[in-house]
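Tertiary structure, described
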Amino acid sequence: MPLMSKKKPTTEQSTTPAPNRRGAALHVWIDPALMSALDAYLNSLKHPTTKTAVAEASLRAFLQAEGFWPPPAAASTEPSSS
């Protein structure tokens, strides 16, 4: 009699991040030519870095150029002392 194991949750189903992860996950599919260019860039670096670090820096620069970074300071939630 074959045994059936429980299905492992996919990334979308899992709500608990791995213990070494911080932040929110962003999963994207990109054009193969863009991935090749990214790989070539990473291979050209004197000091290796990760695709995640490059993606974060690129997204941060894009959002800054568009006026969305840094995010506005959160409004104070402390009651006024009047």
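If you're wondering where the values come from, they're calculated on a predicted model, not measured in any experiment.

In terms of helices and strands, the chain carries 2 helices and 0 strands. Residues classed as buried in the chain amount to 4% of the 82 residues present. Surface accessibility of the chain: about 8500 Å² in total, with carbon and sulfur atoms responsible for 60%.

Another aspect to go through is helix α1 (residues 32-44). Note on helix geometry: an α-helix contains 3.6 residues per turn, so any two residues three or four positions apart are oriented the same way. In a regular helix each residue adds 1.5 Å, so 13 residues correspond to 18 Å; α1 covers 18 Å between its end C-alpha atoms and thus fits that length. For α1, the N-terminal cap is Asp31; the gap from its side-chain oxygen to the backbone nitrogen of Ala33 is 2.8 Å.

The subject of this paragraph is unusual backbone geometry. Here Trp69 and Pro70 are connected by a cis peptide whose omega angle stands at 0°. Inspection of the secondary structure puts Pro70 in the segment after α2 (51-65).

Now for a nonpolar patch on the surface. Residues Leu26, Val28, Ile30, Leu34, Leu59 and Phe62 make up a contiguous nonpolar surface patch of about 600 Å² in total accessible area. For Leu26, a relative accessible area of 65% gives the class exposed.

When the terminal C-alpha atoms of α2 are compared, their 21 Å separation across 15 residues agrees well with the 21 Å that a helix rising 1.5 Å per residue should span. In the segment just after α2, Gly67 is the residue with positive phi, at about 85°.

Another point: the pattern of salt bridges. Opposite charge on two side chains permits them to pair, given that their charged atoms come into close proximity. Going through the model one piece at a time under the given rule, you end up with 1 salt bridge. For Asp39, the salt bridge identified is with Lys51, shortest N-O distance 3.2 Å. Within this pair, whereas Asp39 is found in helix α1, its partner Lys51 is found in helix α2, the two being separated by 12 residues in sequence. Relative accessible area serves as the criterion here: at 28%, Asp39 is assigned to the partly exposed category. On the accessibility criterion, Lys51 (39% relative accessible area) is partly exposed.

Here is what the cut-offs are and how they apply
- Residues numbered from 1 in each chain as written.
- Predicted model: local features only at pLDDT ≥ 70, side-chain atom pairs only at ≥ 80, totals over all residues.
- Heavy atoms only, no water.
- Helix = DSSP H or I, 4+ residues; strand = E, 2+ residues; numbered from the N terminus.
- Buried < 20%, exposed > 50% of the residue type's maximum accessible area, 1.4 Å probe, protein only.
- Areas by Shrake-Rupley, 256 points an atom, 1.4 Å probe, with all protein chains shown as cover.
- Expected span 1.5 Å × (residues − 1).
- Polar contact = N/O pair within 3.5 Å; in protein donor to acceptor, adjacent residues only side chain to side chain.
- Patch = residues over 30% accessible without salt bridge, like charges linked within 9 Å, V, L, I, M, F, W, Y side chains within 5 Å.
- Salt bridge = Lys/Arg side-chain N within 4 Å of Asp/Glu carboxyl O.

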